[in-house]
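One-letter residues, chain by chain:
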Amino acid sequence: MTYENVSLLFIDGKRVPSSTGELRTIIHPASGKPVGEFQEANANDTDQAISAARKAFDNGHWASFSGEQRGKLLDRIADILERDKELFAEAESRDTAKRIIEARYDLDDIISVFRYFATEAPKAHEREVETGRAGVRSTIVSEPVGVVAMITPWNYPLLQASWKIAPALATGCTFVIKPSELTPSTTSMLMDVLTEAGVPTGVANLVMGAGATAGGPLSTHADVDMVSFTGGLVTGKRLMANAAETVKRVALELGGKNPNIIFADSDLDAAIDNALTAVFLHSGQVCSAGTRLLVERSVHRQVADEVARRADLIVLGGSHDENAETGALISAGHRDKIEQFVSAAIAEGAVLRAGGARPTEPHLQDGYFYRPTVLDNCNTKMKCVQDESFGPIMTIEVFDTEEQAIALGNDTIFGLAGAVWTQDPEKAQRVARQLRHGTIWINDFHPYVAQAEWGGYKQSGIGRELGQAGLAEYLEHKHIWQNLSPARSDWFADSKGN
């Protein structure tokens, strides 16, 4: 497939220009150079996309597909992505500046998501209820929630889209998706994949552009039944308030401030190595990044020294730089925010141990690079510990007891993910059970599988993606009571007095 016209919107099965005809230039973060132009949608375009999704859901054709048919369709999507994996990886790398090897890993994960939900689609989502009454059949049936508005972030564009699109298609929903205006390429390309795989006209719709214009109606329109959003806390709260006007279902994944706890009895070499991966992968632009390193006091100096030493050795570079270990930040504006974050942290007492500056290498000057940064002597009273930076910044805190480690790990408004490092399996389980975060790794950091639920406690969001619960987000549950022997109830007297 050539993936032509992906700069256009995709509405009701067709590539169409936006109402305004305005274009947005996409910048490659590692070079600062343009890599493409995309149509900028407005509210009118989004209204049309919602109308197409509504019509496709209500006309009955898509609803007539069996679970087996939807499962085969999802497998075909996965097959096409396997075939065109390198094209998608290159496009993802151009938009985000992540290394090409990371983009390829992402494609493997994306394909696995479609494969998993392909196996879930045919399963019967209904059950019989025992009522204790003769002559009654009571059934719980599960039906698609309807039209879903999907809003996805810039850090993992196609991966986050797959987490929403795959279960929506598996359950029989229709959708309108708006990717980040910074990284729309692969989500737009996916629309052509869905068409080739046989997704009916109007089921999948795409609008591109800024959230305030293209995304505006997605959380307010009466014909939208559900909003699924991955992104920042402030925007998530606003979408939730908007959705309340029409009482839409809302699924939110809003980031985290994730504790990575190292006990003195852990394998320190492995713990330190994984601590670097936890926070500096993709330059920290990961919602589950282990940005808070909590270290038992007796090994604090050893761990902090080694983490700082190794952070200073990390090689920055472009997408195809074979020597690079991590890449650029998404934009100049985001880099400015990271610089301000570090300056404020130092002003409130954090000790800079590594990084804290832009790189000096000549070949990195045109991109939005920032050195991996380690801040020691931190505590939970500091904004650098409480606020999400979404950048390559690690803060280090110290604890003395297991109870204190748990208390510190939970001392955050977020609750997305965390990790525990110890060679004591019972302690590992105790701590993991008491941490109020949606994913806890023990002696590891970052892996996930499509079969396991993903989502957060507290202000990290509402609902789950992936796994059985992720599928259930897209289902409504209906109770059907059938009286097999209908008869008079005789609750009220006969109107004729009989």
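In this text the structure is predicted, and so the values were computed from the model without any measurement. (Residues numbered from 1 in each chain as written. Predicted model: local features only at pLDDT ≥ 70, side-chain atom pairs only at ≥ 80, totals over all residues. Heavy atoms only, no water.)

Peer 1: Please explain the sheet that holds strand β16 (residues 393–399) as it appears in this structure.
Peer 2: The strands that make up a sheet pair up through hydrogen bonds in the backbone, lying either parallel or antiparallel. Read across the open sheet, the seven strands follow the order β14-β15-β16-β13-β12-β17-β18; overall the sheet is mixed. Every interior strand has two partners, whereas the edge strands, β14 (351–354) and β18 (439–442), have only one. Shown here is a sheet whose adjacent strand axes are inclined to one another by a mean of 25 degrees, direction ignored. Strands β12 (259–262), β13 (292–296), β15 (373–376), β16 and β17 (417–421) of the sheet are contacted by helix α8 (residues 268–280), whose axis makes an angle of about 140 degrees with β16. (Pairing = 2+ DSSP bridges. Helix = DSSP H or I, 4+ residues; strand = E, 2+ residues; numbered from the N terminus. Axes fitted to C-alpha atoms, helices over the stretch in contact; angles between N-to-C directions. Contact = heavy atoms within 4.5 Å.)

Peer 1: Is there a simple way to explain the sheet that holds strand β5 (residues 126–129) in this structure?
Peer 2: Spatial strand order, β5-β6-β20: three strands in an open sheet with antiparallel pairing. The open sheet has two free edges, formed respectively by β5 and β20 (475–483), since each of these has just one partner strand. Each strand of the sheet is rotated relative to its neighbour by a mean of 20 degrees, with strand direction disregarded. Where strand β6 (residues 136–144) lies against β20, nine bridges are found, and the strand directions are antiparallel. Of the residues in β20, the one forming a bridge with glutamate 143 is glutamate 476.

Peer 1: When you look at the packing of aromatic side chains in this model, what are you seeing that I'm missing?
Peer 2: The full count for this structure, using the stated rule, is nine aromatic pairs. A centroid spacing of 4.6 Å and a plane angle of 40 degrees characterise the contact between tryptophan 441 and phenylalanine 445, whose relative ring orientation is tilted. As far as burial versus exposure is concerned, tryptophan 441 and phenylalanine 445 are alike and both buried. One aromatic cluster is present, formed by Trp163, Trp441, Phe445, Tyr448 and Trp454 through successive ring pairs. Lysine 98 extends its terminal NZ or CZ atom over the ring of tyrosine 156, reaching a point 3.6 Å from the ring centre. (Phe/Tyr/Trp six-rings, centres within 6.5 Å; stacked < 30°, edge-to-face > 60°. Buried < 20%, exposed > 50% of the residue type's maximum accessible area, 1.4 Å probe, protein only. Lys NZ or Arg CZ within 6 Å of the ring centre and 35° of its normal.)

Peer 1: Just to check I follow, could you spell out the pattern of salt bridges for this structure?
Peer 2: As a working rule, side chains carrying opposite charge can pair if their charged atoms are close by. If you walk through the whole model with that rule in mind, you get 32 salt bridges. Here arginine 104 ties to glutamate 86 by a salt bridge, and the two come within 2.7 Å at their closest N and O atoms. One end of the pair, arginine 104, is in helix α4 (residues 100–120); the other, glutamate 86, is in helix α3 (residues 85–96), with 18 residues separating them in the sequence. Judged by relative accessible area, arginine 104 falls into the partly exposed class, the value being 30%. For the salt bridge of arginine 353 with aspartate 305, the shortest nitrogen-to-oxygen distance reads 2.6 Å. In this pair, arginine 353 is assigned in strand β14 and aspartate 305 in helix α9 (residues 300–311), connecting sequence segments 48 residues apart. For arginine 353, a relative accessible area of 30% puts it in the partly exposed group. (Salt bridge = Lys/Arg side-chain N within 4 Å of Asp/Glu carboxyl O.)

Peer 1: Mind showing me how you'd approach the packing of α4 against helix α5 (residues 157–171) here?
Peer 2: Contact pair α4 / α5: the axes reach a minimum separation of 9 Å and the direction vectors enclose 10 degrees. Relative to α5, the element α4 is oriented roughly parallel. Side by side, α4 and α5 meet where Asp106, Leu107, Asp109, Ile110, Val113, Phe114 and Phe117 of the first sit next to Leu158, Leu159, Ser162, Trp163, Ile165, Ala166, Pro167 and Ala170 of the second. Its residues assigned to classes, the contact of α4 with α5 shows twelve nonpolar, one polar and two charged. (Parallel < 35°, antiparallel > 145°, perpendicular 65-115°, else oblique. Nonpolar A, V, L, I, M, F, W, Y, C, P; charged D, E, K, R; others polar.)

Peer 1: Explanation requested: the state of the cysteines in the structure shown.
Peer 2: A covalent bond between the sulfur atoms of two cysteines is what we call a disulfide. Scanning the model with the defined rule gives zero disulfides in all. Left unpaired, cysteine 378 is separated from the closest cysteine sulfur, that of cysteine 384, by 4.2 Å. Classification of cysteine 378 by relative accessible area gives buried; the value is 9%. (Disulfide = S-S within 2.5 Å.)

Peer 1: Explanation requested: the side chain of glutamate 296 in the structure shown.
Peer 2: In this structure, glutamate 296 sits in strand β13. Although glutamate 296 lies buried, it forms no salt bridge, and the closest oppositely charged side chain, lysine 427, sits 5.0 Å away as judged by the N-O distance. Not counting residues within four places of it along the chain, the set of residues in contact with glutamate 296 comprises Ile262, Phe263, Ala264, Phe399 and Asp400. (Lys, Arg positive; Asp, Glu negative; His and termini not counted.)

Peer 1: What exactly am I supposed to notice about the pairing of β18 here?
Peer 2: Along a regular strand, successive side chains alternate from one face of the sheet to the other. Burial of the side chains of β18 is restricted to one face: Thr439 and Trp441 are buried, whereas none of Ile440 and Ile442 on the reverse face is. As paired strands, β17 and β18 are joined by four bridges and run parallel to one another. Along β18, the bridge assignment pairs alanine 419 with tryptophan 441.

Peer 1: I keep staring at the side chain of glutamine 285 and nothing clicks. Help me out?
Peer 2: By secondary structure assignment, the location of glutamine 285 is in the loop between α8 and β13. Judged by relative accessible area, which is 0%, glutamine 285 ranks as buried. Engagement of the side chain of glutamine 285 in a polar contact is seen with the backbone oxygen of alanine 328, the distance being 3.3 Å. Beyond its immediate chain neighbours, meaning those up to four positions away, glutamine 285 contacts Trp154, Asn155, Tyr156, Ala328, Leu329, Ile330, His334 and Phe390. (Polar contact = N/O pair within 3.5 Å; in protein donor to acceptor, adjacent residues only side chain to side chain.)

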